[in-house]
Amino acid sequence: MDKNTNPFNPGAGVSPPELAGRAEVLETAETALARTKRGKHAKSLMILGLRGVGKTVLLNQIKERAVQLGYLAEMQEAHDGAELKQLLIPVLRRVLLRLDRLQRTVETVKKGLRVLRSFIGSISIAASGAEVTLGVDPETGYADSGNLEDDLRDVLVAVAEAARDAGTPVAILIDELQYLPKEELGALIRGIHAINQAGLPLVLFGAGLPQLAGQAGDAKSYAERLFDFPRLGALEEADAWKAIRDPVEDEGAHIADDALREIYAKTHGYPYFLQEWGYTVWNIAQGDIITEHDARMATTESIRKLDESFFRVRFDRTTPLERDYMRRLAELGEGPQRSADVAAAMQRSAPSLGPVRDSLIKKGMIFSPEYGQIAFTVPLFDEFMRRETSTADA
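What counts and how
- Residues numbered from 1 in each chain as written.
- Predicted model: local features only at pLDDT ≥ 70, side-chain atom pairs only at ≥ 80, totals over all residues.
- Heavy atoms only, no water.
- Pairing = 2+ DSSP bridges.
- Helix = DSSP H or I, 4+ residues; strand = E, 2+ residues; numbered from the N terminus.
- Contact = heavy atoms within 4.5 Å.
- Axes fitted to C-alpha atoms, helices over the stretch in contact; angles between N-to-C directions.
- Patch = residues over 30% accessible without salt bridge, like charges linked within 9 Å, V, L, I, M, F, W, Y side chains within 5 Å.
- Areas by Shrake-Rupley, 256 points an atom, 1.4 Å probe, with all protein chains shown as cover.
- Salt bridge = Lys/Arg side-chain N within 4 Å of Asp/Glu carboxyl O.
- Lys, Arg positive; Asp, Glu negative; His and termini not counted.
- Charge placed at Lys NZ, Arg CZ, Asp CG, Glu CD.
- Buried < 20%, exposed > 50% of the residue type's maximum accessible area, 1.4 Å probe, protein only.

Sheet architecture is open: three strands sit in the order S9-S11-S10, paired in antiparallel fashion. Among the strands making up the open sheet, the edge pair consists of strand S9 (337-338) and strand S10 (366-367). Of the strand pairs in this sheet, S9 and strand S11 (residues 373-376) are connected by two bridges, and their pairing is antiparallel. Each bridged residue has a counterpart across the sheet, and for Gln337 the counterpart in S11 is Ile374. Of the strands in this sheet, S9, S10 and S11 are in contact with helix H14 (residues 320-331), which crosses S11 at around 95°.

So, on to a positive patch on the surface. Judged by side-chain charge, Arg35, Lys37, Arg38 and Lys40 come together as a positively charged surface patch. Note on placement: Arg38 falls in the loop between helix H1 (23-37) and strand S1 (44-49). Relative accessible area serves as the criterion here: at 61%, Arg38 is assigned to the exposed category.

All chains considered together, the criterion is met by 33 salt bridges. The residue Arg65 makes a salt bridge to Glu30 at a minimum N-O spacing of 2.7 Å. Here the residue Arg65 occupies a position in helix H2 (residues 55-68), and Glu30 occupies one in helix H1, the gap between them amounting to 35 residues. Under the relative-accessibility criterion, Arg65 is labelled partly exposed at 21%. Owing to a relative accessible area of 32%, Glu30 belongs among the partly exposed residues under this scheme. Residue Arg296 is joined to Glu262 by a salt bridge in which the shortest nitrogen-to-oxygen separation is 3.5 Å. Of this pair, Arg296 sits in helix H12 (residues 292-308) while Glu262 sits in helix H10 (residues 257-267), and the two are 34 residues apart along the sequence. Assessed through its relative accessible area of 6%, Glu262 is described here as buried. Salt bridges linked by common partners bring Glu149, Asp150, Arg153, Asp154, Arg190 and Lys220 together as one network.

Glycine aside, residues mostly have negative phi, and peptide bonds are mostly found in the trans state. Phi is positive for His268, which is not a glycine, with a value near 60°. Among the structural elements, His268 can be located in the loop between H10 and helix H11 (271-284).

Distances and angles like these do not, on their own, reveal function.
As structure tokens, this is what we get:
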């Protein structure tokens, strides 16, 4: 196999050569885009899933479809410690300036810029690499109350009104929404609610870890009326085979069914790992047919690479006590476990381990799928932790 023509893309948020098993989510997003463009109500999406299931890939695909439909589309990523205001100001500034270039005579675009100037207030985002300059005076009485919910609603509505009058819909896409504090997530949802009620052409798509649905509901009880929360998981076996086989055959090569079975068994059908195994097995194969032996060799090499990078980077962000907590969780087996059982394994009370649990949730290492349960956010991380424990004990 020629490594230069390797069709697989094992990167964070990088679109795979074959986007298998996600057609339904994309169709729902396209419907929301089409209806929003026409000023009709449509539920948008907050895409949920563990690490490596393709949430960011889908957001990028939705952004591409939005652009094809004539939207101005902007994508942003939240992260631990970032303020929503800091995240949105550059996005809204780019949208308004682009609308201004498209339709310089629309007064609502000028008003939107003034409202954004009010929203900015005395904040400076030069430290993040982008000094905000608008060249306009604030719009007194709008987005200047100091209350985030009211001010964010004002600025989002102003941007949406500018989009309507400029004849150009707007899509804002935010990844890793689970990092937003409850108050900020609530303010964002309220702003989108106001836009929906007015039938304005601005739509929000989000993505985050599985706990995002609960966070959104806690922030605003009507969140489920504004958003659908599709949950992405591992691909079904047929889709996983397609995600590997089609790119291989598109390059004029072939892969044996036994090789596909090996790859599916070891990756459990998770999209990121399918790309990792596919990339590795392509480089290992000597002829134009990928064999089961090639796939088994790829398993050894892929696990080694993942342990050194994908898993290790996350592991190294944790404290010794947090690592012990994760080891005990992994030892209990695959899937969600009772937090009380983890505490018992550590010979500690569950309340005393509450800060450790909360810290791991905040770092995005674990989540709570149900009350009293915890699970890893990264697929196959339990296997890594068991390998790590056996290595340390050796």
